[in-house]
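Residue strings, one per chain:
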Amino acid sequence: MADVARGGERARIRVKGVVQGVGFRPFVYLLAHRHGLAGWVLNDARGVLIEAAGEPAALAAFTAGLRREAPAAARVDSVTTLERAPADAPDRTFEIRQSAEGGSVTTLISPDLAICDACLEELFDPRDRRYGYPYINCTHCGPRYSIIEGLPYDRPKTTMAAWPLCEHCARQYDDPANRRFHAQPVACPRCGPGYALLDAGGSPVDAPDAIGEAARLLARGAIVAVKGIGGYHLACDARNAASVQALRLRKVRKEKPFALMANDLATARSALRVSPAEAELLLSPARPIVLLERAETDLPAALAPGNADLGLMLSYAPLHHLLFAAGAPTLLVMTSANRAAEPIAYRDEAALRDLAGLADAFLVGQRGIARRVDDSVAVVLDGRPTLLRRARGYAPASVVDDPRFAGATAHDDDPPILALGAGMKNAFTLAVAGHAFVSQHLGDLDQLEARLAFEQTVHDLCAMYGVDPARAYVVADLHPDYGSSRLARALGGPALRVQHHRAHIASVLAERRAWEAVVVGVAFDGAGLGEDGTVWGGEAFAGSLTGGLACVAHLRPAPLPGGDGAARRPAQAAVGFLWEQPDGVAWRDLLPPETVALAGRLIETGARTPQTTSVGRLFDTAAALLGFDRAMTFEGQAAMFLEALARADGAAGAPEDGYPLPFERGAWDHRPLLAALVADVRRKVDAPTCARRFHAGVAHGVVLGAAHLAREVGTRTVVLSGGVWQNRLLHASAVAGLRALGLEVWWNHAVPPGDGGVSLGQAALAAASRSIREELDHVPRHPL
Ligand SMILES: [Zn+2]
Ligand SMILES: [Zn+2]
Ligand SMILES: [Zn+2]
């Protein structure tokens, strides 16, 4: 090891970001060796702490390299030199030290990561001992969260415990200079788990090459259940219409889009339009499903009926690469294996039982999955990613690091925050020790399986961070009947209840750590319980996280015949909204007569008919008038239908003048908007044109209202959140209109604009309402 020359310097350096469980310490170790530095590196509760000593020039180059050369899976947010002093005692070695205990968080759990380039190369190198091995991984890649059964994160507490390391793997595991140093899931064909192929009945298939045989079955049109990282997928040839149709029938999934998987960008580009920003997202270590516009027109319609986009991901597990290399069709359907709307199957026994009759064969890996983690879903809006479903590859990493999330179990006056989120598309947030950890997507909590997974995950994540949920500051939605609200009560809480749409707006501010910024927030959403007991979903808020967000405007209310039931029946919601039309507007004959009669009776008697300001239901109304008059088979379907109409090829000509959506006295009035739509439908204007005029009208209404409110409040910043903003056309139009007026527009990126983002907003409002704390960059003097 290099001698520290006279006149050398010693520096203590703090690195923050995603720097644990991603091979960062071995990287620092090698970097320090390269620059001839002495010292040490360790993980602690705040990230990575380094002490390095050597020539000033070498120290500077080392410090710069920490950011520039970091492993692909790492995200370096900051590199700060905490102390700098002349080096006295000439240390001669650089070492990786044991993690320091600090605060209540001692381990940061990394998400599951896609196979890295180095492992991929070995996977297809016939001379490598892990050639063709489906469980190859290293510190830069592979499973983490999905295999952890307890803490500390060490092999005996993962689902790899059953496979003792062979001598070769152990040597790599123990060598700080090796890419597999302390890679807990490390394995090879000699010592690790493997894959087997089972037939439709669950009996082993006599095939020496299980993966190759599965690939052949897929090429012949079969449906194969494939065990992946966070659960099972059902796979079939995406270009084989008969296979896709068979999958729909067997899965009882009539219309909800199927996700696709391709092995490389070129294949993805042959079927879908991929911008540079979308390509970057597809190739990121999280490998999310990315919503992309179709390019190929002869893809089977059954992949995503009535949808403008298709969701596609690139292979992320070594197994996927092996399947494609063995001759599986280049474009596969890879949809979560479940029946209808149940959560993804992840345990072998349950998968074999529940998927009986769905799959023609099962490709089953021996490595256990400790917890269900779905594929993440993302979209690129205005050149930047926005997550629509945050799960594999992202959870349970911290989404916001901020001293306001400093809760620690040690201080009773400053407990961690446990924000339990909404009822649908649930994800919850645990804020502790300066981090806001958002759980993986857990689904709709009115389903028993999802509710059990939710409760399990709450206890799980709390245990990982040493938090007793019963002593946390529990935050829940106003709605008392959500599964999340029920758990809050069971925990003796909630300490705070947050209105759903206020939480949506707060989620955007939380992501940006904009605690003081005064904004106008437009929450356009499906439904949430409002402060006046009605069903909200078209609100504007003004203020800040610390000063409070006041509700300052609404969509004009309309009756919602059948309440929650109307959320699945666009025509029923339409009757409610059109009921508000003046007598001269004839609309009844445009909707199914039995629905008009039934919903009309509900409205007249007031039975099961709350008032609503939901923009989601306003979109459903337009969809019903333009032909979507049946029941929806999945949430948001009618709005997607409407968006797809508006974005239909050939229809996208000159921008349409929108229908009028005036904003007066704190309310958007939908009556002129719908009257104009009804008139166009009567005039037999084609549906795509109507849909475009409707989108343009709503976007323009948002611009008018938000600009007016921004002037009143004295801000230049507008925030958009809520499920309606997943609509790419509406989003782009509103953002363009607001910017044209010189306003700055913020929306969600790290958490979904839909209900998966609600818990972060709840946590932020809770944190903002507690005492303001100073950040003390606690540097342990004796880190050991
Ligand atoms: Zn790797
Ligand atoms: Zn081995
Ligand atoms: Zn919502």
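Above this note sits the structure.
Enquirer: How should empty space enclosed by the protein be read in this particular structure?
Expert: Any space left empty among the atoms is revealed by the rolling of a water-sized probe across them. For the structure on display, the rule yields 4 cavities of 30 Å³ or more. Volume-wise, the largest cavity comes out at about 150 Å³. Around the largest cavity, the lining comprises 21 residues; the ones closest to its centre are P143, I229, A317, P318 and R367. At 3 residues, the largest contribution of residues to the lining of the largest cavity is made by helix α9 (residues 318-325). For the lining of the largest cavity, the per-class residue count stands at 13 nonpolar, 4 polar and 4 charged.

Enquirer: Help me understand the packing of aromatic side chains in this model?
Expert: To describe a pair of aromatic rings, one takes the distance between the centres and the angle between the planes. Scanning all chains against the criterion turns up 12 aromatic pairs. Where F524 meets W668, the ring centres are 5.4 Å apart and the plane angle is 80°; that geometry is what we call edge-to-face. Placement of F524 in strand β23 (residues 519-529) and of W668 in strand β29 (residues 667-668) is noted, with a sequence separation of 144 residues between them. Since its relative accessible area comes to 2%, F524 is described here as buried. Ring pairs connect the aromatic residues F524, F663, W668 and W725, which therefore count as one cluster. Over the aromatic face of Y145 sits the side chain of R371, whose NZ or CZ is 4.7 Å from the ring centroid.

Enquirer: Honestly, the coordination of the zinc ion (ligand 1) in this entry has me stumped. Any pointers?
Expert: Each pair of donors in an ideal octahedron of six around a metal sits at 90 or 180 degrees, and each pair in an ideal tetrahedron of four sits at 109.5 degrees. Note on the zinc ion (ligand 1): its protein donors are C116 (SG), C119 (SG), C138 (SG) and C141 (SG). The metal-donor distances range over 2.3 Å. The site at the zinc ion (ligand 1) holds 4 donor atoms, and with the angles between them running 104 to 118°, its shape is tetrahedral.

Enquirer: Even after reading the chapter, I still don't get the coordination of the zinc ion (ligand 2), so can you show me in this structure?
Expert: Protein ligation of the zinc ion (ligand 2) involves C166 (SG), C169 (SG), C188 (SG) and C191 (SG), the donor distances falling in the range 2.2 to 2.4 Å. Within one chain, the residues serving as donors to the zinc ion (ligand 2) are arranged as C-x2-C-x18-C-x2-C. With a gap of 19 residues between them, C169 in helix α4 (residues 167-174) and C188 in the loop between α4 and β6 (195-199) connect regions that are remote in the sequence. The pair C169 / C188 is uniform in exposure class, with both members buried.

Enquirer: Is there a simple way to think about the environment of F124 in this case?
Expert: Of note, F124 is situated in the loop between α3 (117-123) and α4. The class of F124 is partly exposed, set by a relative accessible area of 38%. Between the C-alpha atoms of F124 and A325, which are 201 residues apart in sequence, the distance is 9.3 Å.

Enquirer: Which parts of the structure should I look at to understand the pattern of salt bridges?
Expert: Side-chain pairs of opposite charge can arise whenever the charged atoms involved come near each other. Taken as a whole and assessed by the stated rule, the structure comprises 33 salt bridges. A salt bridge links R392 to D375, with the shortest nitrogen-to-oxygen separation between them at 2.9 Å. Of this pair, R392 sits in the loop between β16 (384-389) and β17 (398-401) while D375 sits in the loop between β14 (361-365) and β15 (377-381); the two residues are 17 residues apart in sequence, bridging distant segments of the chain. Of the two residues examined, R392 and D375, each falls in the buried class. Connected through salt bridges with shared partners, the residues E278, D309, E643, R647 and R728 form a single ionic network.

Enquirer: Can you walk me through the sheet that holds strand β18 (residues 417-419) in this structure?
Expert: Where strands meet in a sheet, backbone hydrogen bonds hold them as pairs that are either parallel or antiparallel. Pairing is mixed in the open sheet, where 6 strands are placed in the order β17-β20-β19-β18-β21-β22. Single-partner strands in this sheet number two, and they are β17 and β22 (496-498). Going from strand to strand, the sheet's axes swing by 20° on average, the running direction of each strand aside. With 4 bridges joining them, strand β19 (residues 429-432) and strand β20 (residues 435-438) adopt antiparallel strand pairing. Paired with T429 across the strands is V438, a residue of β20.

Enquirer: What is the right way to look at the pairing of strand β30 (residues 717-721) in this model?
Expert: Remember that side chains alternate between the two faces of the sheet whenever the strand is regular. Among the 5 residues that make up β30, 5 are buried, leaving the element largely enclosed by the rest of the structure. Alternating residues of β30 divide into T717, V719 and S721 and V718 and L720, and every residue in both groups is buried. Strand direction decides the pairing type here: β23 and β30, joined by 4 bridges, are parallel. Bridged to A523 within β30 is S721. Where β30 and strand β31 (residues 744-746) come together, 3 bridges link them in parallel fashion. Bridged to V718 within β31 is V745. Taken together, β30, helix α20 (residues 728-740) and β31 form a β-α-β motif whose crossover is right-handed.

Enquirer: Quick question: what am I supposed to make of the packing of helix α11 (residues 448-464) against helix α12 (residues 483-490) here?
Expert: Packed helix pairs are specified by the crossing angle of their axes together with the interaxial distance, meaning the distance between the axes. For the pair α11 and α12, the least separation of the axes is 11 Å and the interaxial angle reads 45°. Relative to α12, the element α11 lies oblique. Note that α11 runs across α12; the crossing there is right-handed. Contacts from R451, F454, E455 and V458 of α11 reach α12 at G483, S484, R486 and L487. Class assignment for the residues of the contact of α11 with α12 results in 3 nonpolar, 2 polar and 3 charged.

Criteria and thresholds
Residues numbered from 1 in each chain as written. Chains lettered and ligands numbered in written order. Predicted model: local features only at pLDDT ≥ 70, side-chain atom pairs only at ≥ 80, totals over all residues. Heavy atoms only, no water. 1 Å grid on protein atoms, 1.4 Å probe; cavity = no way out; pocket = protein on both sides within 12 Å on 5 of 7 lines; lining within 4 Å. Points joined across faces, edges and corners; volume = space filled by probe spheres on them. Helix = DSSP H or I, 4+ residues; strand = E, 2+ residues; numbered from the N terminus. Nonpolar A, V, L, I, M, F, W, Y, C, P; charged D, E, K, R; others polar. Phe/Tyr/Trp six-rings, centres within 6.5 Å; stacked < 30°, edge-to-face > 60°. Buried < 20%, exposed > 50% of the residue type's maximum accessible area, 1.4 Å probe, protein only. Lys NZ or Arg CZ within 6 Å of the ring centre and 35° of its normal. Donors = N, O, S within 2.8 Å, 3.2 Å for Na, K, Ca; no water. Tetrahedral: all angles 85-135°; square planar, octahedral: opposite > 155°, others 65-115°. Salt bridge = Lys/Arg side-chain N within 4 Å of Asp/Glu carboxyl O. Pairing = 2+ DSSP bridges. Axes fitted to C-alpha atoms, helices over the stretch in contact; angles between N-to-C directions. Right-handed = clockwise from strand over helix to strand, strands pointing away. Parallel < 35°, antiparallel > 145°, perpendicular 65-115°, else oblique. Left-handed = near helix turned anticlockwise from the far one by under 90°. Contact = heavy atoms within 4.5 Å.

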